[in-house]
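Here is what each chain is made of, one letter per residue.
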Amino acid sequence: MKKKMSRLLSKNREDFSEKSLDEILKIDEKEMAEAIKEIGLETTEYINTKKIENFLKTKYIGHEILCFDEVESTNTVAKFLAESGSEEGTVVISEVQTKGKGRHGKKWESPTGGVWLSLILRPDISPSKAPLITLATGVAVANTLRNIGADARIKWPNDILINDKKVSGILTESNAKFNTVDYVVVGIGIDSNLNIDILPEELQKDSTTLKNELKTKITETELILKFLNEFETVYGLFKEEKFEDILYDWRRMSQTIGSYVEIKQPLGKFLKGYAVGINNEGALILEESNGNLKKIISGECIIKK
Ligand code: BTN
């Protein structure tokens, strides 16, 4: 149990080493969730949760905000809390992630100077609709960045670009039981104020930060506040099953539709063609050179122009 807790909260492990092994073995997962929540009542150097709570206009998103100065991954903490019964709208934020997770098993660099947050959602929908939550989140991130003056666009399925460079990524992890969704954890990473040169060299040329694009600094606190307000609006459309409204906005802000793309699929398979649209499930429709239309559910998209 102690190991699990230290794994979830990488730096806060000292807090637990003060407890005796006996005490630690006695606590069950529910108590562990409560202990995590207590540690999460932090305001860090760069993230002022009090300010976020005071200015939040939402009904349920962010009713509980847990903020840490360091965890392995906010998605992992959020999944643990979701398993222990945390409610829809709970937000987990960390100033640093030591094992931030990207899509396709990649590492997500998460130093100070970015927004690393995860949301716990419990939508009453069929699991087949769950992928649309990722698209809805992409719309909410793009709207947030546009509202502060950045020309944000969405690359299928869920990268947010400014001037053709990636500024934000989304990782959705869900748990379905008996054809219903138990919970969905949506993780959002935004490269707001960090220095691009801390990223691995191969990522640098295709990545950017908000600070670079806007030529001014917007604090992580402000950005989180604006995003949470925006997210509840878009997620509200999702809950009302107004999927067409979300897809309309996604298509309007898409960087992918109309481009010639290469899709990297598992096992190193590549598909090429024109991205002609996305269907109502969020799948990409690719027109291949022989005119065939192919529906693509997942993969890594590389825009060839
Ligand atoms: C991608 O590969 O584009 C997705 C990146 C998602 C990163 C965010 S940061 C907050 C949350 N916690 C994680 O470990 N990953 C997501």
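Placed above this text is the structure.
### What to know about the site of the ligand
Turning to step 1, where the next piece is worked out: Among the 20 residues in the neighbourhood of the ligand, the closest are listed as Ser73, Gln97, Lys101, Arg103 and Lys166.
Turning to step 2, where the next piece is worked out: One of the side-chain nitrogen or oxygen atoms of Thr74 is found 3.1 Å away from a nitrogen atom of the ligand.
Turning to step 3, where the next piece is worked out: The side chain of Gln97 places a nitrogen or oxygen atom 2.9 Å from a nitrogen atom of the ligand.
Turning to step 4, where the next piece is worked out: For the ligand, whose unbound accessible area comes to 420 Å², protein coverage reaches 97%.

### Considering the packing of helix 10 (residues 220-239) against helix 11 (residues 243-252)
Turning to step 1, where the next piece is worked out: Packing of helix 10 against helix 11 brings their axes to within 7 Å, and their N-to-C directions diverge by 135°. It follows that helix 10 is oblique to helix 11 by the angle criterion. Across the interface between the two elements, Val234, Leu237 and Phe238 of helix 10 pack against Phe243, Asp245 and Ile246 of helix 11.
Turning to step 2, where the next piece is worked out: Broken down by class, the residue content of the contact of helix 10 with helix 11 amounts to 5 nonpolar, no polar and 1 charged.

### What about unusual backbone geometry?
Turning to step 1, where the next piece is worked out: Put simply, Trp156 and Pro157 share a cis peptide bond, and its omega is 0°.
Turning to step 2, where the next piece is worked out: The backbone phi angle of Asp164 is positive, close to 70°, even though this residue is not glycine.
Turning to step 3, where the next piece is worked out: Considering the arrangement of structural elements, one finds Asp164 in the loop between strand 5 (159-162) and strand 6 (165-177).
Turning to step 4, where the next piece is worked out: Here Asp164 falls in the partly exposed class, since its relative accessible area comes to 43%.
Turning to step 5, where the next piece is worked out: Positive phi, normally seen in glycine, also occurs at Glu241, with a value near 60°.
Turning to step 6, where the next piece is worked out: In this fold, Glu241 is placed in the loop between helix 10 and helix 11.

### What about the layout of surface pockets?
Turning to step 1, where the next piece is worked out: Roughly 1100 Å³ of internal volume is contained in the largest pocket.
Turning to step 2, where the next piece is worked out: Counting only elements with at least two residues in the lining of the largest pocket, the list comes to helix 6 (74-83), strand 3 (115-121), strand 5, strand 6, strand 7 (180-190), helix 8 (201-204) and strand 12 (300-303).
Turning to step 3, where the next piece is worked out: When its residues are assigned to classes, the lining of the largest pocket shows 15 nonpolar, 14 polar and 14 charged.
Turning to step 4, where the next piece is worked out: Per-domain counts for the lining of the largest pocket show at least three residues from each of domain 1 (43-252) and domain 2 (260-303).
Turning to step 5, where the next piece is worked out: Empty space within the second largest pocket amounts to approximately 530 Å³.

About the criteria used
- Here the residue numbers are simple positions, counted from 1 along each chain's written sequence.
- Where totals are concerned, whole chains, interfaces and linings use all residues; where local detail is concerned, this predicted model gives features only for residues with pLDDT of at least 70, and gives and counts side-chain atom pairs only at 80 or more.
- Heavy atoms from the whole structure form the basis of all side-chain values; hydrogens and water molecules are not counted.
- Here, proximity means that at least one heavy atom of the residue falls within 4 Å of the molecule or strand.
- Any N or O atom pair separated by 3.5 Å or less is treated as a polar contact, with the protein-specific requirement of one donor-capable and one acceptor-capable atom, and with residues adjacent in sequence counted only for side-chain atom pairs.
- Only the protein chains shown count as cover for residues, and the accessible areas themselves come from Shrake-Rupley with a 1.4 Å probe.
- Fitted lines through C-alpha atoms serve as axes, helices being fitted only where they are in contact, and the angles separating the N-to-C directions of these axes extend from 0 to 180 degrees.
- The secondary structure listing takes helices from DSSP runs of H or I that are at least 4 residues long and strands from runs of E that are at least 2 residues long, numbered from the N terminus.
- Note on terminology: angles under 35 degrees are roughly parallel, angles over 145 are roughly antiparallel, angles of 65 to 115 are roughly perpendicular, and the others are oblique.
- The contact criterion used throughout is that any non-hydrogen atoms of two residues lie within 4.5 Å.
- Note on residue classes: Ala, Val, Leu, Ile, Met, Phe, Trp, Tyr, Cys and Pro are nonpolar, Asp, Glu, Lys and Arg are charged, and everything else, Gly too, is polar.
- Only protein chains enter the area calculation, which uses a 1.4 Å probe; residues under 20% of their type maximum are buried, those over 50% are exposed, and those in between are partly exposed.
- Put plainly, a pocket is an open set of points on a 1 Å grid over the protein atoms alone with protein on both sides within 12 Å along at least five of seven lines, a cavity is a set where a 1.4 Å probe fits but cannot get out, and a lining residue has an atom within 4 Å of a point.
- Grid points are joined across faces, edges and corners, and a volume is the space filled by probe spheres set on the points.
- Throughout, the edges of the domains are those of an automatic or database domain assignment.

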